[in-house]
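What follows is each chain in one-letter form.
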Amino acid sequence: MEPAERSRVPRIDPYGFERPEDFDAAAYEEFLSGYLVTLTRRAVKWSRLLQGGGVPRGRAVKRYVRKGVPLEHRARVWMALSGAQAQMDQNPGYYHRLLQGERNPRLEDAIRTDLNRTFPDNVKFRTTTEPCLQKTLHNVLLAYGHHNQAVGYCQGMNFIAGYLILITNNEEESFWLLDALVGRILPENIFRTWKLIHGHCRQTPRELQGPPAGTGVRAPSPGIPISRLTIPLCRVDTGPSLPSFLPL
């Protein structure tokens with residue numbers, strides 16, 4: 001590939017991820033040249049849909065979401081359809097009170113251990129970048145650990161929270177979206193089960209029948225394969241699939 005040809009595609013994508021050395025810029029441009037018409041058409045539809053100020057619900061919106069929410073509307077749509085916006089509006093100042101509450105050294109150490117492991121190929125999470133998103137990520141995970149002490153923090157949450165931060169560019173909104181995902185949208189008790197599997201807590205299967213991670217949900221049936229419980233944790237999609245979980 002000629003240097004001039006490669007230079008047409010930015011080295012960093014819109015999310016802050018570095019493109020790999022073997023990235024095929026020519027194939028990418030060829031695909032995008034045809035797909036750009038579709039993206040533009042969808043962007044126009046979304047702009048019309050949201051021009052009233054709110055985010056409506058219904059079959060049409062569900063169809064739009066499954067085809068992909070444009071990046072410029074993604075934070076607003078996710079916040080509205082997940083219920084995160086309503087929770088944030090009903091609890092003003094709650095997020096900041098969590099950060100100012102009693103310290104938990106064990107929780108903070110667990111979170112701090114994973115900060116440098118979060119998206120190492122993303123320039124926004126590197127300590128050499130100003131501002132570095134590691135501090136924002138630390139705050140979101142710490143607040144959630146205090147908010148949902150049944151879950152606290154376990155490995156994998158840093159990638160989910162990190163991606164939410166990249167999309168919203170807002171600390172508090174990322175916290176409430178994480179709460180919506182873990183508490184209401186992801187499979188029941190997924191993080192408590194994950195911690196048990198990886199030895200991060202010494203619970204017996206009987207103890208998993210205790211207070212669930214979400215609100216008003218029950219522990220998963222022992223007959224559910226572990227693979228089904230852990231798939232969403234292992235796959236943080238950078239496409240539009242996340243809103244497919246949202247109740248419409």
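Conventions adopted
- All residue numbers here refer to positions counted from 1 along the written sequence of the relevant chain.
- Where local features are concerned, this predicted model is filtered to residues with pLDDT of at least 70; where side-chain atom pairs are given and counted, the filter is 80 or more; whole-chain, interface and lining totals use all residues.
- Working from all heavy atoms in the structure, the side-chain values ignore hydrogens and water.
- Note on aromatic contacts: the rings of Phe and Tyr and the six-membered ring of Trp form a pair at centre separations within 6.5 Å, being stacked when their planes are under 30 degrees apart, edge-to-face when over 60 apart, and tilted otherwise.
- Type-normalised accessible area, obtained with a 1.4 Å probe on protein chains alone, sets the label of each residue: buried when under 20%, exposed when over 50%, and partly exposed for intermediate values.
- For this analysis, a salt bridge means a side-chain nitrogen from Lys or Arg found within 4 Å of a carboxyl oxygen belonging to Asp or Glu.
- Helix and strand assignments come from DSSP, with helices taken as H or I runs of at least 4 residues and strands as E runs of at least 2, each series counted from the N terminus.
- Charge assignment in this entry is limited to Lys and Arg as positive and Asp and Glu as negative, and neither His nor the chain termini are counted.
- What counts as an axis is a line fitted to C-alpha atoms, over the stretch in contact for a helix, and the angles between N-to-C directions run from 0 to 180 degrees.
- When the near helix sits turned anticlockwise from the far one by under a right angle, the crossing is termed left-handed; a clockwise turn instead gives a right-handed crossing.
- When checking whether two residues touch, look at their non-hydrogen atoms; a contact exists if any pair is within 4.5 Å.
- When residues are sorted by character, Ala, Val, Leu, Ile, Met, Phe, Trp, Tyr, Cys and Pro go into the nonpolar class, Asp, Glu, Lys and Arg into the charged class, and all the rest, Gly among them, into the polar class.
- Every patch collects residues that have over 30% relative accessible area and no salt bridge, joining them within 9 Å if they carry like charges and within 5 Å if they are nonpolar side chains (Val, Leu, Ile, Met, Phe, Trp, Tyr).
- Per-residue accessibility takes into account occlusion by the displayed protein chains alone, with areas from the Shrake-Rupley method and a 1.4 Å probe.
- Working definition for charges: the position is that of NZ of Lys, CZ of Arg, CG of Asp or CD of Glu.
- In this text, buried Ala, Val, Leu, Ile, Met, Phe, Trp, Tyr and Cys residues form a nonpolar core when linked through side-chain atoms within 4.5 Å.

A. Representation of the packing of aromatic side chains within the structure. Using the criterion set out here, one finds 12 aromatic pairs in the structure. Each ring, one from Phe 23 and one from Tyr 28, has its centre 5.5 Å from the other, and the planes form 55°; the classification is tilted. Residue Tyr 28 is classed as partly exposed on the basis of its relative accessible area, which comes to 29%. Here the aromatic cluster, defined as three or more aromatic residues joined through ring pairs, consists of Tyr 94, Tyr 95, Tyr 144, Phe 175 and Trp 176.

B. Spatial organisation of the pattern of salt bridges. Inspection of every chain in the model, using the stated rule, returns 7 salt bridges. Residue Arg 11 is joined to Glu 18 by a salt bridge in which the shortest nitrogen-to-oxygen separation is 2.7 Å. For Arg 11, a relative accessible area of 53% corresponds to the exposed category. In this structure, a network of salt bridges that share partners links the residues Arg 103, Glu 108, Asp 109 and Arg 112.

C. Region of interest: the side chain of Glu 172. Relative to the helices and strands, Glu 172 resides in helix 10 (residues 171-185). For the buried Glu 172, which has no salt bridge, the nearest side chain bearing the opposite charge is Arg 97, at an N-O separation of 8.7 Å.

D. Layout of the packing of helix 2 (residues 25-49) against helix 3 (residues 59-67). With their axes 11 Å apart at the nearest point, helix 2 and helix 3 run at an angle of 140° to one another. For helix 2 against helix 3, the interelement crossing comes out left-handed. Contact with helix 2, carried on its side by Arg 42, Lys 45, Trp 46 and Leu 49, involves Val 61, Tyr 64, Val 65 and Lys 67 of helix 3 and no other residues of that element. Its residues assigned to classes, the contact of helix 2 with helix 3 comprises 5 nonpolar, no polar and 3 charged.

E. Up close: a positive patch on the surface. On the surface, Arg 41, Lys 45, Arg 48, Arg 63 and Lys 67 cluster together into a positively charged patch. At the level of secondary structure, the elements contributing two or more residues to the positive patch comprise helix 2 and helix 3. In terms of residue count, helix 2 provides more of the positive patch than any other element does, 3 residues in total. By secondary structure assignment, the location of Arg 48 is in helix 2.

F. Highlighting the nonpolar core. Of all hydrophobic cores here, the largest spans 41 residues; its most connected members are Leu 141, Met 157, Phe 175 and Leu 178. Those elements that provide at least two residues to this core are helix 4 (71-82), helix 5 (84-90), helix 6 (94-99), helix 7 (105-115), helix 8 (134-147), helix 9 (157-168) and helix 10. Excluding anything up to four places from it in sequence, Leu 141 contacts Ile 111, Tyr 153, Met 157, Asn 158, Ala 161 and Leu 178.

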